[in-house]
Amino acid sequence: QVQLVESGGGLVQAGRSLRLSCAASGSGFSIFAMGWYRQAPGKQRELVARITRGGSTNYTDSVKGRFTISRDNAKNTVYLQMISLKPEDTAVYYCQANYLNSRFHVLDAWGQGTLVTVSS
């Protein structure tokens, strides 16, 4: 089983930057994709960005050009660099991973979430 631990959230002013990190731990797994989702108060959870093991990425339209997802496969860690933050980026950000376990089952794991608050 994979455990995900996020870090890097906090309170920032609009226009500033933050970098989120998410480290995966466990044994007998192979991660093939990782992503960041977010959930704002009163809204559904949405995909923010996703990256495959090979480095292919996709972003939701509202963050294109401002957010960059990257990963370190050797460390099983994914990052989300956020610049030019806006108040509407305020949300709990969740790390997510798709992986194969030792029995070659496709599973997913979620982190506990980290709060990002952008003040105007």
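Everything quoted here is computed from the prediction, not taken from an experiment.

### Points about the packing of aromatic side chains
On inspection of all chains with the given rule, the structure shows 2 aromatic pairs. A ring pair is formed by F29 and Y99, whose centres lie 6.2 Å apart and whose planes are at 80°; its orientation type is edge-to-face. Of this pair, F29 sits in the loop between β3 (18-25) and β4 (30-39) while Y99 sits in strand β9 (residues 91-100), and the two are 70 residues apart along the sequence. Note on Y99: relative accessible area 4%, which makes it buried. The side chain of R19 reaches across the aromatic face of Y79, ending 4.1 Å from its centre. Over the aromatic face of W110 sits the side chain of R45, whose NZ or CZ is 4.8 Å from the ring centroid.

### Brief notes about the pattern of salt bridges
Counting across every chain of the model gives 4 salt bridges. In this structure, the salt-bridge partner of R38 is E46, at a minimum N-O distance of 2.7 Å. Assessed through its relative accessible area of 6%, R38 is described here as buried. Each of R38, E46, R66 and D89 takes part in a single network of salt bridges with overlapping partners.

### Some details on the environment of T77
Considering the arrangement of structural elements, one finds T77 in strand β8 (residues 77-82). Once the C-alpha coordinates of T77 and V5 are considered, the two residues, 72 residues apart in sequence, prove to be 9.5 Å apart. Those residues within four positions of T77 in sequence are excluded, and the remaining contacts are C22, A23, S70, R71 and D72. At 3.0 Å, the side chain of T77 forms a polar contact with the backbone oxygen of K75.

### Description of the pairing of strand β10 (residues 106-110)
Bridge count between β9 and β10: 5 bridges; the pairing is antiparallel. Each residue of the ladder has a partner; that of N98, found in β10, is D108. Linking β9 back to β10 in an antiparallel pair, the connection comprises 5 residues, with F104 at a positive phi of about 65°.

### Quick notes on the side chain of N76
Within the fold, N76 resides in the loop between β7 (67-72) and β8. Discounting chain neighbours no more than four positions away, the residues touching N76 are C22, A23, A24, F29, I31 and M34.

### Considering the sheet that holds β7
Strand pairs in the sheet, formed through backbone hydrogen bonds, run parallel or antiparallel to each other. Pairing in this open sheet of 4 strands is antiparallel, and the strands run β1-β3-β8-β7 from one edge to the other. The sheet is open, and its two edges are formed by β1 (3-7) and β7, each paired on a single side. Geometrically, the sheet is characterised by an average inter-axis angle of 15° between neighbouring strands, direction not taken into account. In this structure, β1 lies alongside β3, joined through 5 bridges in antiparallel fashion. Counted as the bridge partner of S7 is S21 from β3.

Procedures and definitions
Residues numbered from 1 in each chain as written. Predicted model: local features only at pLDDT ≥ 70, side-chain atom pairs only at ≥ 80, totals over all residues. Heavy atoms only, no water. Phe/Tyr/Trp six-rings, centres within 6.5 Å; stacked < 30°, edge-to-face > 60°. Helix = DSSP H or I, 4+ residues; strand = E, 2+ residues; numbered from the N terminus. Buried < 20%, exposed > 50% of the residue type's maximum accessible area, 1.4 Å probe, protein only. Lys NZ or Arg CZ within 6 Å of the ring centre and 35° of its normal. Salt bridge = Lys/Arg side-chain N within 4 Å of Asp/Glu carboxyl O. Contact = heavy atoms within 4.5 Å. Polar contact = N/O pair within 3.5 Å; in protein donor to acceptor, adjacent residues only side chain to side chain. Pairing = 2+ DSSP bridges. Axes fitted to C-alpha atoms, helices over the stretch in contact; angles between N-to-C directions.

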